[in-house]
Amino acid sequence: MNERKLPALQNRACLFTDYDAGWIAELLQRAADRAGVRLPLKEEMARAVILYLETRCPLRVLPLDFLIGRIRRMLRQVGLPRVADAVEKETPPVEIALPELARDCPLPLFFYSALRRRLETLRQAGLMNCTFSGKRECVLALRNGKRWSSASQAMMADLENFLDDCISARAHRTRKKREARPAR
């Protein structure tokens, strides 16, 4: 049987191939939260979007703006215009493996600089959403250690604060852009 794959999503220079109904359900839930609306059927709506992409979408690469527009139209068709208006363009999350970067840049000063540059490069290319994996292994690599200690715990707190600051700064930039847009 010839199983159809989901089309890649494109946002500027980034292509996203690893996304699913869970990401779409989260996108819908965030929109419902912004609109102040309860959204009990978000999983079914997300599966409907995936079904459309798998069976009806003829494109192999789909602009993210087009998908967001289709989601907004679907929400309006099912009587949820406030949620449709609250849907914001966001990319599927991309996982950033921190241990790999820590092995490439084993000193904390260079690691944090390299991580900041990587995040900025990805943001400029169109990435809006990322997760970080391997925090514990990253800290151990940066400490050049095999055992967890109180110094490791302190470095973990520093790493988490750094990542929170990076994410908060990105959210702040996005919020400022949104506020600068004219009202619809």
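Predicted model only: the values in this text are computed from it and were never measured.

1. Observations regarding the nonpolar core
Leu67, Ile71, Leu75, Leu98, Phe111 and Leu115 are the most contacted members of the largest nonpolar core, which has 53 residues in total. With near-sequence residues (within four places) excluded, Leu67 lies in contact with Leu9, Trp23, Val49, Leu53 and Leu62.

2. Notes on the confidence of the model for the protein chain
A low pLDDT score tells you not to read the predicted coordinates there in detail. For the protein chain, per-residue confidence averages 89 on the pLDDT scale, and residues scoring 70 or more make up 89% of the total. At the low end of the mean pLDDT range in the protein chain sits helix 8 (residues 150–180), at 75; at the high end sits helix 4 (residues 81–86), at 98. When the criterion is pLDDT under 50, residues 172–184 qualifies, and its contacts beyond four places in sequence or with other chains add up to 6 contacts.

3. Quick look at the sheet that holds strand 3 (residues 61–63)
Ordered in space as 2-1-3, the 3 strands form an open sheet in which the pairing is mixed. What marks the edges here is a single partner per strand, and that holds for strand 2 (14–16) and strand 3. The mean inter-strand angle of the sheet, taken between neighbouring strand axes irrespective of direction, is 35°. Of the strand pairs in this sheet, strand 1 (residues 8–11) and strand 2 are connected by 3 bridges, and their pairing is antiparallel. Bridging from a neighbouring strand, Leu9 pairs with Phe16 of strand 2. Along the sheet face, helix 3 (residues 64–77) touches strand 1 and strand 3 and points at about 70° away from the line of strand 3.

4. As for a nonpolar patch on the surface
Nonpolar side chains collect at one region of the surface, where Leu107, Leu109 and Phe110 lie side by side and expose about 340 Å² of accessible area between them. The residue Phe110 is located in helix 6 (residues 108–125) in this model.

5. Let's talk about helix 1 (residues 21–35)
Because an α-helix completes one turn every 3.6 residues, residues spaced three or four positions apart along the sequence face the same direction. Relative to the 21 Å expected for 15 residues at 1.5 Å per residue, helix 1 spans 21 Å between its end C-alpha atoms, a close match to the ideal helical length. Turning to helix 1, its buried residues number three or more, namely Trp23, Ile24, Ala25, Leu27, Leu28, Ala31, Ala32 and Ala35. Those residues of helix 1 hidden inside the fold are in contact with strand 1, helix 2 (42–55), helix 3 and helix 4. Of the residues that open helix 1, the one with a side-chain oxygen 3.1 Å from the backbone nitrogen of Gly22 is Asp20.

6. Re the packing of helix 2 against helix 3
The interhelical angle for the contact between helix 2 and helix 3, taken along N-to-C directions, is 130°, at an axis separation of 11 Å. Taken together, helix 2 and helix 3 sit at an angle that is classed as oblique. In the crossing of helix 2 with helix 3, the sense of the turn from one axis to the other is right-handed. Along its contact with helix 2, which presents Met45, Val49, Tyr52 and Leu53, the element helix 3 presents Phe66, Leu67, Arg70, Ile71, Met74 and Leu75.

The rules behind these values
- Residues numbered from 1 in each chain as written.
- Predicted model: local features only at pLDDT ≥ 70, side-chain atom pairs only at ≥ 80, totals over all residues.
- Heavy atoms only, no water.
- Core = buried A, V, L, I, M, F, W, Y, C linked by side-chain atoms within 4.5 Å.
- Buried < 20%, exposed > 50% of the residue type's maximum accessible area, 1.4 Å probe, protein only.
- Contact = heavy atoms within 4.5 Å.
- pLDDT = per-residue confidence, 0-100.
- Helix = DSSP H or I, 4+ residues; strand = E, 2+ residues; numbered from the N terminus.
- Pairing = 2+ DSSP bridges.
- Axes fitted to C-alpha atoms, helices over the stretch in contact; angles between N-to-C directions.
- Patch = residues over 30% accessible without salt bridge, like charges linked within 9 Å, V, L, I, M, F, W, Y side chains within 5 Å.
- Areas by Shrake-Rupley, 256 points an atom, 1.4 Å probe, with all protein chains shown as cover.
- Salt bridge = Lys/Arg side-chain N within 4 Å of Asp/Glu carboxyl O.
- Expected span 1.5 Å × (residues − 1).
- Polar contact = N/O pair within 3.5 Å; in protein donor to acceptor, adjacent residues only side chain to side chain.
- Parallel < 35°, antiparallel > 145°, perpendicular 65-115°, else oblique.
- Left-handed = near helix turned anticlockwise from the far one by under 90°.

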